[in-house]
Amino acid sequence: MFTPIRTRRLTLRPVTMDDLDDVYAYQRRPDVCRWMLGNEPRSREQSRESVAAMTNEDALRAEGDVLTLAAEANGRVTGTVELVWRSQADRTAEIGYVFNPEFSGRGLATEAVAALLGWGFEEFGLHRVYGRCHAGNEASARLMTRLGMRCEARHVESYLFRGEWADQLVFAMLAREWLSRPGQTRGRGTVAPARKSVRGV
Ligand SMILES: CC(C)(COP(=O)(O)OP(=O)(O)OC[C@H]1O[C@@H](n2cnc3c(N)ncnc32)[C@H](O)[C@@H]1OP(=O)(O)O)[C@@H](O)C(=O)NCCC(=O)NCCS
């Protein structure tokens, strides 16, 4: 069982089928899918399948697993954050996030991603977390920059995005960079002692 993470304004906890209405509210929006590969606005039935899949993403048990957490504020799911365990040997994961524009511009996504980074580095024992986005996805690039992630690469025309070659930005952060951030503001809002990895990675 994943222990929910509490931040100043959010509770991050595994997704349940009761979240369908809140998730569908943004998965149906074209602006939310604008920069996401393979994502088109979803029907309610497609959202149901998506939420059902997310309910199984409740722990990182083995390399390749995805941990998806609902970011809940005042009883509403404002968005989801995810961590994909890319390499056990390299203690590396990829971060992802999708938020309802209804809640944008308040720093909620930043708060949620910071909390998940904190969990990944301080509790799960990751060495490196990276995130990728379409070069045109300025809100996503700003979010990663705001969190102190380094823009390590711009892969020029590296993938086909809706029939056109697109540039992809790669951002990353190391555990030691996370722990030495100026004005340390760890995700949970508290400074808990760093634990050894629960997975021994
Ligand atoms: C990427 C995404 C999550 C960013 O959303 P967002 O609303 O910009 O992010 P936040 O909730 O953290 O809000 C940050 C904004 O609020 C402002 N803000 C206000 N109060 C703040 C606070 N307490 N802390 C941080 N930022 C705050 C920031 O200045 C920032 O505005 P700016 O980008 O204009 O400078 C959102 O655009 C999204 O879900 N997009 C669709 C899905 C997607 O593209 N996902 C990424 C795929 S790579």
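Keep in mind that what you see is a predicted model, and the values were worked out from it rather than measured. (Residues numbered from 1 in each chain as written. Predicted model: local features only at pLDDT ≥ 70, side-chain atom pairs only at ≥ 80, totals over all residues.)

Draft legend 1. Representation of the UniProt feature "domain: N-acetyltransferase" (unreviewed entry) in the protein chain within the structure. Cross-referencing UniProt, the feature "domain: N-acetyltransferase" (unreviewed entry) maps to residues 10-176 in the present numbering. With 31% helix and 37% strand, residues 10-176 has end C-alpha atoms that lie 25 Å from one another. (UniProt positions renumbered as here; feature names shortened; annotations may be inferred. Helix = DSSP H or I, 4+ residues; strand = E, 2+ residues; numbered from the N terminus.)

Draft legend 2. Highlighting the confidence of the model for the protein chain. When the pLDDT values of the protein chain are averaged, the result is 92; 91% of them are 70 or greater. Throughout residues 187-201 the model reports pLDDT below 50, and contacts reaching past four residues in sequence, or to other chains, amount to 32 contacts. (pLDDT = per-residue confidence, 0-100. Contact = placed C-beta atoms within 7 Å.)

Draft legend 3. A look at the nonpolar core. Core analysis: the biggest nonpolar cluster contains 42 residues, and Leu 12, Ala 112, Val 113, Leu 116 and Leu 117 have the highest contact counts within it. Tallying contributions element by element places helix α4 (residues 108-123) first for this core, with 9 residues. (Core = buried A, V, L, I, M, F, W, Y, C linked by C-beta atoms within 7 Å. Buried ≥ 20, exposed ≤ 12 C-beta atoms within 10 Å, placed from the backbone.)

Draft legend 4. Layout of the site of the ligand. Taken together, 20 residues lie near the ligand, and Ser 104, Gly 107, Ala 109, Thr 110 and Cys 133 sit nearest. Mapped onto the shell around the ligand, the elements with two or more residues apiece are β5 (92-99), α4 and α5 (138-146). Broken down by element, the residue count for the shell around the ligand peaks at 4 residues, all from α5. For the shell around the ligand, a count of residues per class yields 11 nonpolar, 7 polar and 2 charged. (Near = placed C-beta within 6 Å. Nonpolar A, V, L, I, M, F, W, Y, C, P; charged D, E, K, R; others polar.)

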